[in-house]
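So you can see what is in the structure, the chains are spelled out below.
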Amino acid sequence: MDAMDKMDKQELISALADGQLQGEAFARAVEAAAADARAREAWCAYHLVGEVLRTGRASTGAPSEEFLSRLRQSLQQEQAARLPMVHPVLVSQRQTASNDWLWKLAAGVASMAAVAAVGWNMWGGSAAGSAQPQLATAPAGAMAVMEASTSTTPMLRDPRLDELLDAHRQLGGATALGTPSGFLRNATFQGPAR
Amino acid sequence: MTPGTARPSIARLRLMHGVAVLSAATVLTLAAAQALAAGPNRVADPRPGEGQSDRTVSEWLSRMHDATRQQSYIGTFVVSSSNGSMSSARIWHACDGQRQVDRIETLSGERRSTFRRDDEVVTFLPGTRTVRSERRESLGLFPDLMKPDETAIPEFYLARRVGSDRVAGFEADIVQLLPKDALRFGYRIWSEKKSGLVVKLQTLDDAGKVLEQAAFSELQLDAPVRMDKLTQMMAVPEGWRVEKTDAVKTSAAAEGWALKTAIAGFKPMSCYKRPSEGVLQWIFSDGLASVSLFVENYDRQRHYHEGVFASGATHTVTRRVQEWWVTAVGEVPPQTLHAFSLSLERRK
């Protein structure tokens, strides 16, 4: 029963962090979130997670007790102001979790990254009309290799190159290490979408 | 609790799990970086006195090679490259000491199922309801050139056991294969202690940087995988289009091509032409890495970008040779591909 209660609390705090609660449920969740150190930790963690999902980095750090107490205060004031009204317990049920789009986005990024597995980083060479700045001067005798700056150059995607890479994977790629290393790698590694 | 509030919690749980995996990966990367910084000699080996360090390159490779013939398994295989990309697949492997059947279901990117029975490969692409069917000679039963003890591998690589580690729950020996020249990459291989199965593999450049790595994140050895069940799944479903490769076996000499000088350690394996695309593919291997030389007619419109390209451990060098356009592709350093492209010569 105790465990059940705890889970409810976590869910409540999570929903609160998502901005899904209103009325009494909201108040209950705030109470739960402020109740003890563990609950406050969960509240902070959920915010951090949300922030990382939204911005890709965490800048919040651990919220201070001061912030929490201020929050508690302002919530109390808000509740006091609303007290005369009767609020139904309103937990938005049809509305999807507000961070669902983030999940979709994350999934999108993941599949893009997989596609980018066959994108080619251009190392330069004797490309005609290449306007890339020479980033590194190869020592004499070594091959002149320069790495294109990824921030200014879109990843080169030559469909023909992808086809040849695919052909190389299909007919080459066997090694003495046995199947896991050659064939499995090639079958796992993303080939160009056809 | 109302169902509305359960959702975010589940999402968060998933995320927390993801974060845990990520941080585990970071720890691994850090550990690898430290190991690299410390140099191969100082990779921690809790049990240095096991007497396995004196296995030769061929002995190590034979063990790994044999494991794929003896060991059935189910696992999740993850491939990641230095540019941050990552792919994963679920793998079923069945064998009876003679024949091998694999089933590979991609878990990332485009949905794709690949089946292999010895040298026969069938790829299902559900997106377009297409089946690609082909024979890959290089995967043949026991191609002599791929038998570790019959390759020139010991001439060009040194093997050294540098420690032990746990991968996907299994104890593994870490074996470092160091190239003896600058024409090939090095490898760090995790070989499961009992069977010898390769459970993790890193491709390293000359500075020891990991270019690409592949590993089982989860593995079940001696799993009840049945060859007949896997084989049954290779049947083409009704209504799917079957695409056969039009690659025709030929020889470089017959097509009028030769190498002025051989590239140390690389033997010609096979040569194919694809009439529909007008391209010739000449394949070389040093036993561990392979190189494909593609030759096609030079086309001013398309072939203007001579250069070097990198994607993980795979490099590509493009170069115009008289009236032809040469594309050299392989899991080797760019200078090896340059050497190939410079050595290619028209003999007709």
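First things first, this report covers the structure right here in the doc.

1. Points about the overall build of chain A
Then comes step 1: Helices and strands together make up the secondary structure of chain A, namely seven helices and three strands.
Then comes step 2: From first element to last, N terminus to C terminus, chain A shows the α and β order α-β-α-α-α-β-α-β-α-α.
Then comes step 3: Scored against the burial criterion, the 194 residues of chain A give a buried share of 34%.
Then comes step 4: For chain A, the share of sequence-separated contacts (at least 6 apart) that also reach a separation of at least 24 residues comes to 58%.

2. Looking at unusual backbone geometry
Residue and element names in this part refer to chain B.
Then comes step 1: The backbone of R129 shows a phi angle near 45°, a positive value even though the residue is not glycine.
Then comes step 2: Position of R129 among the secondary structure elements: in the loop between β5 (120-125) and β6 (130-135).
Then comes step 3: With phi around 50°, A168 is a residue other than glycine that occupies positive phi space.
Then comes step 4: Mapped onto the elements, A168 comes out in the loop between β7 (157-167) and β8 (170-179).

3. So, the nonpolar core
All names here are of chain B.
Then comes step 1: In terms of nonpolar packing, the biggest core is built from 82 residues, with F77, V199, V291, L293 and A328 touching the most fellow members.
Then comes step 2: Three or more residues apiece are contributed to this core by two domains, here domain 2 (43-232) and domain 3 (246-346).
Then comes step 3: Filtering out sequence-adjacent residues up to four positions away, V199 remains in contact with V167, A168, F170, A172, W190, E192, A215, F216 and L219.

4. Some remarks on the pairing of β8(B)
All names here are of chain B.
Then comes step 1: Among the ten residues in β8, seven count as buried, and that is most of the element.
Then comes step 2: Pairing of β7 with β8 involves ten bridges; the strand directions are antiparallel. Opposite S164, over in β8, you have D173 as the bridge partner.
Then comes step 3: Remark: two residues form the turn of the hairpin made by β7 and β8, two consecutive strands paired antiparallel; A168 in that turn has positive phi of roughly 50°.
Then comes step 4: In the sheet, β8 pairs with strand β9 (residues 186-192) via six bridges, with the strands oriented antiparallel. What sits directly across from D173, in β9, is S191.
Then comes step 5: Count of turn residues in the β8/β9 antiparallel hairpin: six residues.

5. Considerations on the pairing of β6(B)
All names here are of chain B.
Then comes step 1: Direction of pairing for β5 relative to β6: antiparallel, over a ladder of six bridges. Across the sheet, residue F124 finds its bridge partner in β6, namely V131.
Then comes step 2: Linking two consecutive strands that pair antiparallel, namely β5 and β6, is a turn of four residues; a positive phi of about 45° is found at R129 within it.

6. Some points on the sheet that holds β5(B)
Residues and elements named next belong to chain B.
Then comes step 1: The sheet built from twelve strands is open, its strands ordered β7-β8-β9-β10-β11-β1-β2-β3-β4-β5-β6-β12 with mixed pairing. The open sheet has two edge strands, β7 and β12 (241-244), and neither has a second partner. This sheet shows a mean twist of 20° between the axes of neighbouring strands, independent of strand direction.
Then comes step 2: Here helix α2 (residues 57-70) sits on the sheet in contact with β2 (86-95), β3 (100-106), β7, β8, β9 and β10 (198-204), set at roughly 50° to β7.

Reading guide: rules and limits
- Note on numbering: residues in each chain are counted from 1, in written sequence order.
- Chain letters and ligand numbers both follow the written order, the letters beginning at A and the numbers at 1.
- Given that the model is predicted, a residue must reach a pLDDT of at least 70 before its local features are reported, and side-chain atom pairs must reach 80 or more before they are shown or counted; all residues, however, enter totals for whole chains, interfaces and linings.
- Note on conventions: DSSP H or I runs of at least 4 residues are helices, E runs of at least 2 residues are strands, and numbering of each starts at the N terminus.
- Counting other C-beta atoms within 10 Å of a residue's own tells you its class, since 20 or more makes it buried, 12 or fewer makes it exposed, and anything in between is partly exposed; those C-beta atoms are placed from the backbone.
- What counts as a contact is two residues whose backbone-derived C-beta atoms lie within 7 Å of each other.
- Nonpolar cores are built from buried Ala, Val, Leu, Ile, Met, Phe, Trp, Tyr and Cys residues. These are joined into a set through C-beta atoms within 7 Å.
- Start and end points for every domain follow an automatic or database-based domain assignment.
- One requirement defines pairing of two strands: DSSP has to find at least two bridges between them.
- Where helices are involved, their axes are fitted lines through C-alpha atoms of the stretch in contact, as for all axes, and angles between N-to-C directions lie from 0 to 180°.

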